[in-house]
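Listed here are the chains, written in short residue letters.
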Amino acid sequence: MTLSCGGLGVATARAIAIGPAFLLDRRPPAVTPRNLAPTEITDELQRLEDALAAAREALRAVRDQIPPTTPVKVTEFIDSHLLMLEDAALVDPARALIRDRLFSAEWALEHHRMNLVQAFEDMEDPYLRSRRDDVDHVVRHILGFLLGTSSSDQPADGDLRGCVVIAHTISPADTVMLRHRQATAFVTEYGGPLSHTAILARSLNIPSVVGVHKATDYFRQGETVVVDGEAGVVLADADADILAHYRRRMQARDQHRARLRRLAGEPSLSADGIPVNLLGNLELPEDAVTTRANGAAGIGLYRTEFLYMNRDRPPNEKEHLATYLEVMRGLQGTPVTIRTLDLGADKQTADNPATRPTVCNPALGLRGVRLCLKESDLFRPQLRAILRASAQGPVRLMIPMLSSPREIDEVLTLIEQLRQELTREGAAFDPDMPVGGMIEVPAAALYATAFARRLDFLSIGTNDLIQYTLAIDRTDDTVSYLYEPLHPAVLRLIRMTIEAGQTHGIPVSMCGEMAGNPRYVPLLLGLGLRELSMQPDSLLEIKELVRGAHITHLERATQKLLARIDDQDPEALADAIKRLGS
Ligand code: PEP
Ligand code: MG
């Protein structure tokens, strides 16, 4: 066997993919300023025209290849870029720079691009400001042809069916686009395994490896790449033996999943007869049906922020309601926990105030409920739609990123106002719709009793709880080695939250990634959790584990282990916890 190229990154999913590399370099192309001799002006103007024509032609080709099933939003997006490219005036200022100031075509275009971007950024109107990315993208597309980094046989905005996308970084919003464009896998140079991009990739079943530094330099456009999301390995130039090895593993995984599928209709009861509610985490409404087919008893976390991405304006109440009703139809009467908007940190939209350049620590900034309470125009339509959806079936509302009981009181007051408003309007809603909160900030866990007193349920978000407790950025692969769910400090906070729920007689669930990991589930059952929400792909594996577990034994063993939490070496404790289920 021979390997001529490979990369090691951070494992994010237990899936494998093989496909041609599609290099998506999101770094601005490097342009070196260069002055022309006066005799070069005509040729340089022609180079600019040729690049413009090639960019138009490439985008038209993409437009013509869009399958009819593609969401209309994608088509509109490409059409709007084509319109810009077809406007001859788009590059007039660049032509003037070549003619009058003897700039090279690349330099002139880059200069023009920076001016345009600045002009859009300075606009008062948030809608116009949000068009900045479109203009930037279109001018860079032309620039790519001038610099020779684009070619007309690469899809710029279209179909990526079967491709392994290799990029500097990929945002959560990009991940949704990659799924719509049918990419088979992706590899990024930066990013942690608990970043929203990685979580989303797992949830959408896109194999990925993040943190492969210099990946965009190592891999070549179009070469066959193997993405092993389980080991965090990416290989190029694999020989026939290696490809056959990976194809066998893909087949074995498919067979294992087919076997597990038989459990979908079976009850989620432990071997000693204790029911455990297994729910799915949902990002895109269209996935509700498959989540249900995987045996979910409902949705324990619907991340609604993806409703706000890849669009120009936030959704209005009508759109919110239509989406929630679509999800509820897919769930066939099982409950949905709708988490209110959790934008901020690594989940951004173009015009989110949390993205202002002065914000150095967006994870500690205007995120989740903080943003919602500040921007009530963003929050009220969502709350009204959730209330209205509750008239049509079982809905729970969940608030993210809480750190103080005052925030809960403010949200509850707002909900009460909206209930009165809806009553006046004659709109139906469930007056008893449960309102719960996420415990994902250490302060919330330490003070969980005050939260439990005010709310109908709590859900532990371990992804953030671990990030904030251990002070490690979820998106930074250089510190992901410190991300330890079994750190005694984290275990203490989880236990405190469960105890607060028990004291106040309200349910406590977990919806962070820990809840879907077979390594930690025996501990969570032993700690007393009876509701776990996870990415849909993990549901059947966890159900198999639950059905084989003796929860009363696990409770005794967990109690014994954690009674000595202070005296034990943390690594020995973690090892003992991992052996709990065996
Ligand atoms: C969490 O923080 O554990 C969680 C479930 O929320 P998110 O991953 O969306 O931040
Ligand atoms: Mg969170």
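As a convention, each chain's residues are numbered from 1 in the sequence order in which they are written. Chains carry letters from A onward and ligands carry numbers from 1 onward, assigned in written order. pLDDT decides what is reported in this predicted model: residues at 70 or higher carry local features, side-chain atom pairs at 80 or more are listed and counted, and totals for whole chains, interfaces and linings draw on all residues regardless. Each side-chain value is worked out from all heavy atoms of the structure, with water and hydrogens disregarded.

Peer 1: Would you take a moment to explain the coordination of the magnesium ion (ligand 2) for this structure?
Peer 2: For a metal bound by four donors in a tetrahedral arrangement, the ideal donor-metal-donor angle is 109.5 degrees, while six donors in an octahedral arrangement ideally sit at 90 or 180 degrees. Distances from the magnesium ion (ligand 2) to its protein donors, Glu440 (OE) and Asp464 (OD), fall at 2.0 to 2.1 Å. Placement of Glu440 in the loop between β13 (435-439) and α16 (442-446) and of Asp464 in helix α18 (residues 462-470) is noted, with a sequence separation of 24 residues between them. Like Glu440, the residue Asp464 is buried in the burial classification. Coordination partners: N, O, S within 2.8 Å of the metal, 3.2 Å for Na, K and Ca; water not considered, so apparent gaps in a site are possible. Labels follow the DSSP assignment, with helices taken as runs of H or I lasting at least four residues and strands as runs of E lasting at least two, numbered in each case from the N terminus. For each residue, the accessible area found with a 1.4 Å probe, counting protein chains only, is set against the maximum for its type, and the residue is called buried under 20%, exposed over 50%, and partly exposed in between.

Peer 1: Honestly, the packing of helix α14 (residues 376-389) against helix α15 (residues 405-425) in this entry has me stumped. Any pointers?
Peer 2: What describes two packed helices is the angle between their axes and the distance between those same axes. To get an axis, fit a line to the C-alpha atoms, keeping to the stretch in contact for a helix; angles then go from 0 to 180 degrees between the N-to-C directions. Their axes nearest at 10 Å, the elements α14 and α15 cross at an angle of 65°. Viewed along their axes, α14 and α15 form a crossing whose handedness is right-handed. Contacts between α14 and α15 involve Phe379, Arg380, Leu383, Arg384, Leu387 and Arg388 from the first element and Val411, Leu414, Ile415, Gln417, Leu418, Arg419, Glu421, Leu422 and Glu425 from the second. For this classification, Asp, Glu, Lys and Arg are treated as charged, while Ala, Val, Leu, Ile, Met, Phe, Trp, Tyr, Cys and Pro are nonpolar and the rest, including Gly, are polar. Partitioning the contact of α14 with α15 into residue classes produces 8 nonpolar, 1 polar and 6 charged. By definition, any crossing whose near helix is turned counterclockwise from its far helix by less than a right angle is left-handed, and any crossing with a clockwise turn is right-handed. Contact definition: two residues touch when any of their heavy atoms are within 4.5 Å.

Peer 1: Honestly, the site of ligand 1 in this entry has me stumped. Any pointers?
Peer 2: Here a residue counts as near a molecule or strand whenever at least one of its heavy atoms sits within 4 Å of it. Neighbouring residues of ligand 1: 17 residues in total, closest His196, Arg303, Arg339, Gly461 and Asn463. In this structure, an oxygen atom belonging to ligand 1 sits 3.1 Å away from a side-chain N or O atom of Arg367. Here an oxygen atom of ligand 1 sits 3.3 Å away from a polar atom, N or O, in the main chain of Gly461. Surface exposure here means Shrake-Rupley accessible area, sampled with a 1.4 Å probe, where a residue is shielded only by the protein chains that are shown. Across the complex, the protein chains shield 100% of the 290 Å² of accessible surface that ligand 1 would expose by itself. With respect to the pocket detection grid, ligand 1 is positioned in the largest cavity. Going through the elements one at a time, α8 (196-203), β10 (299-303) and α18 are the ones with two or more residues in the shell around ligand 1. Identification of polar contacts relies on pairs of N or O atoms within 3.5 Å, with a donor-acceptor requirement for protein atoms, meaning one able to donate a hydrogen and the other able to accept it, and with residues adjacent in sequence counted only if both atoms are side-chain atoms. Whether a set of points on the 1 Å grid over the protein atoms alone is a cavity depends on a 1.4 Å probe fitting there but being unable to get out, while an open set qualifies as a pocket with protein on both sides within 12 Å along at least five of seven lines; lining residues are those with an atom within 4 Å of a point. The rule for placing a molecule in a cavity or pocket is simple: more than half of its atoms must lie within 2 Å of the grid points.

Peer 1: I keep staring at the nonpolar core and nothing clicks. Help me out?
Peer 2: Soluble, globular proteins show a tendency: their nonpolar side chains are buried together. Note on terminology: a nonpolar core comprises buried Ala, Val, Leu, Ile, Met, Phe, Trp, Tyr and Cys residues joined through side-chain atoms within 4.5 Å. The biggest cluster of nonpolar side chains holds 113 residues, and the ones touching the most others in it are Val165, Tyr302, Val336, Phe451, Ile494, Met510 and Leu532. The leading source of residues in this core is α14, at 7 residues. Segment limits for the domains were obtained from an automatic or database-derived domain assignment. Both of domain 1 (2-24 + 162-258) and domain 3 (266-581) provide at least three residues apiece to this core. Beyond its immediate stretch of four places on either side in the chain, Val165 contacts Phe22, Leu24, Leu160, Ile170, Leu178, Ala183, Ala185, Phe186 and Val187. Ranked by size, the runner-up nonpolar core spans 31 residues in total, among them Leu82, Met84, Val91 and Phe120.

So yeah, pure geometry; function would need other evidence.
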